[in-house]
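Structure at a glance
Single-letter residue listing:
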Amino acid sequence: MIRRPPRSTPKPSSAASDVYKRQHMDISIKEIKPKFDYHQLLLSWFSPNFPIGSYNFSHGLEAAIEMNYIRDIVSLENWINYLINCGSAKTDSILLSNSYQGKNINELAFALCPSKERWIETKHLGNAFCNNINENWSFNIGNNLAYPVALGKAGAFFKIPLEQLLIIFMQSFVSNLINVGIKHIPLGQNDGQKILVKLLPIVKELALNYKECEIDDIGTSAFISDLTSMYHETLNNRIYQT
């Protein structure tokens, strides 16, 4: 009688163990994206509670009021309307859109700032936004990003629809300038709401337009706004950083 050597007992979990190890390795090398509803993200990022300090910046509006370019509800509405159509808000929206699409445009964003204070504004807002995203929102976005570039990168990572991101970005810009005007022209709260209601449809229409724009579409003609941002550096008494 021929005796066969005893069979080695296979480890029933060896295959499953290999699969588990591979899955574990896959998870460990990937950043896990938190599952937030994009409405929650937008409400959080553009809330006054989000610590980026946007209330510290008037975007040159403080100087424009000092120089009497803006003195009532009509002039404030026209000023903001021109900025979102032909000024810095147009530039930043197109930069945001192209950053969202993964284009490397951070140096260009800083280079397009027409004054030292505009450069300071986008740098400070961008750094504050990046620090908060890095520390609290589980996304290593990096640092030293211009504000619209940082928003575009974060929006793409969290899969926020670009159109909605652009709408809330421009509406936040509009609302911030309205608040500056209310305090320093001064205007009443109702006047501010009247301006906002008139500009909301324009903001939505522009967002749909800027969503499709390329870098070559950037171009502005808001020269007085750019000059007031330079003049703001020389004001003896000022409340805002820009």
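Residues numbered from 1 in each chain as written. Predicted model: local features only at pLDDT ≥ 70, side-chain atom pairs only at ≥ 80, totals over all residues. Heavy atoms only, no water.

This paragraph deals with the overall build of the protein chain. Across its full length, the protein chain carries 11 helices and 0 strands. Along the chain direction, N to C, the helices and strands of the protein chain fall in the order α-α-α-α-α-α-α-α-α-α-α. Sequence-distant contacts, at least 24 apart, represent 77% of the contacts inside the protein chain between residues at least 6 apart. Element-wise, carbon and sulfur atoms account for 53% of the exposed surface of the protein chain, whose accessible area totals about 14,000 Å². (Helix = DSSP H or I, 4+ residues; strand = E, 2+ residues; numbered from the N terminus. Contact = heavy atoms within 4.5 Å. Areas by Shrake-Rupley, 256 points an atom, 1.4 Å probe, with all protein chains shown as cover.)

The next subject is the nonpolar core. Core analysis: the biggest nonpolar cluster contains 65 residues, and W45, L61, F129 and I141 have the highest contact counts within it. Ranked by residues supplied to this core, first place goes to helix α9 (residues 162-184) with 12 residues. (Core = buried A, V, L, I, M, F, W, Y, C linked by side-chain atoms within 4.5 Å. Buried < 20%, exposed > 50% of the residue type's maximum accessible area, 1.4 Å probe, protein only.)

This paragraph deals with the layout of surface pockets. In this structure, the largest pocket occupies an estimated 1,100 Å³ of space. Around the largest pocket, the lining comprises 49 residues; the ones closest to its centre are S54, Y147, S172, F173 and N176. If you list the elements that add at least two residues to the lining of the largest pocket, you get α2 (38-45), α5 (88-100), α7 (116-136), α8 (147-157) and α9. Examining the composition of the lining of the largest pocket, we find that 11 residues originate from one element, α9, more than from any other. Here the lining of the largest pocket is built from residues that sort into 27 nonpolar, 17 polar and 5 charged. (1 Å grid on protein atoms, 1.4 Å probe; cavity = no way out; pocket = protein on both sides within 12 Å on 5 of 7 lines; lining within 4 Å. Points joined across faces, edges and corners; volume = space filled by probe spheres on them. Nonpolar A, V, L, I, M, F, W, Y, C, P; charged D, E, K, R; others polar.)

Glancing now at the side chain of N98. Note that N98 resides in helix α5. In terms of polar contacts, N98 uses its side chain to reach the backbone carbonyl oxygen of I94, at 2.8 Å. A polar contact of 3.2 Å, which involves the side chain of N98, links it to the backbone oxygen of C213. (Polar contact = N/O pair within 3.5 Å; in protein donor to acceptor, adjacent residues only side chain to side chain.)

Right, let's talk about the packing of α5 against α8 for a bit. At a minimum axis distance of 7 Å, the contact between α5 and α8 shows a crossing angle of 35°. Between α5 and α8 the crossing geometry is right-handed. Here D92, L95, L96, S99 and Y100 of α5 come into contact with α8, specifically with P148, V149, L151, G152, K153, G155 and A156. Split by residue class, the contact of α5 with α8 holds 7 nonpolar, 3 polar and 2 charged. (Axes fitted to C-alpha atoms, helices over the stretch in contact; angles between N-to-C directions. Left-handed = near helix turned anticlockwise from the far one by under 90°.)

Turning next to the packing of aromatic side chains. Scanning the entire structure with this criterion turns up 10 aromatic pairs. With a centroid separation of 5.8 Å and an interplanar angle of 50°, the aromatic rings of F110 and W119 are classed as tilted. Relative to F157, the ring of F139 has its centre 3.8 Å away and its plane inclined at 5°; by these criteria the two rings are stacked. Taken together, the positions of F139 in the loop between α7 and α8 and F157 in helix α8 put the pair 18 residues apart, joining distant regions of the chain. Overall, F157 belongs to the buried group, its relative accessible area being 12%. Chaining the aromatic ring pairs together yields one cluster made of W45, F50, F129, W137, F139, Y147, F157, F158 and F169. (Phe/Tyr/Trp six-rings, centres within 6.5 Å; stacked < 30°, edge-to-face > 60°.)

Turning our eyes to something else, we now look at the confidence of the model for the protein chain. Low pLDDT means the predicted atomic positions in that stretch should not be read closely. Residues at a pLDDT of 70 or more form 86% of the protein chain, whose mean pLDDT is 88. Ranking the elements of the protein chain by mean pLDDT puts helix α1 (residues 14-29) last, at 44, and α5 first, at 98. Within the model, pLDDT remains below 50 along residues 19-30, and this stretch shows 1 contact once partners closer than five positions in the same chain are excluded. (pLDDT = per-residue confidence, 0-100.)

Looking now at the environment of G219. Mapping G219 onto the fold places it in the loop between α10 (189-210) and α11 (223-231). C-alpha separation for the pair G219 and L112, spaced 107 residues apart in sequence, amounts to 9.9 Å. Not counting the four nearest positions on each side in its chain, G219 is found in contact with C86 and K90.

Take the pattern of salt bridges next. Within this structure, the stated rule accounts for 4 salt bridges. Across the pair K198 and E77 runs a salt bridge whose closest N-O atoms are separated by 3.7 Å. Of this pair, K198 sits in helix α10 while E77 sits in helix α4 (residues 73-86), and the two are 121 residues apart along the sequence. Looking at K198, the relative accessible area reads 51%, which means it is exposed. On the basis of relative accessible area, E77 is assigned to the buried category, the value being 17%. (Salt bridge = Lys/Arg side-chain N within 4 Å of Asp/Glu carboxyl O.)

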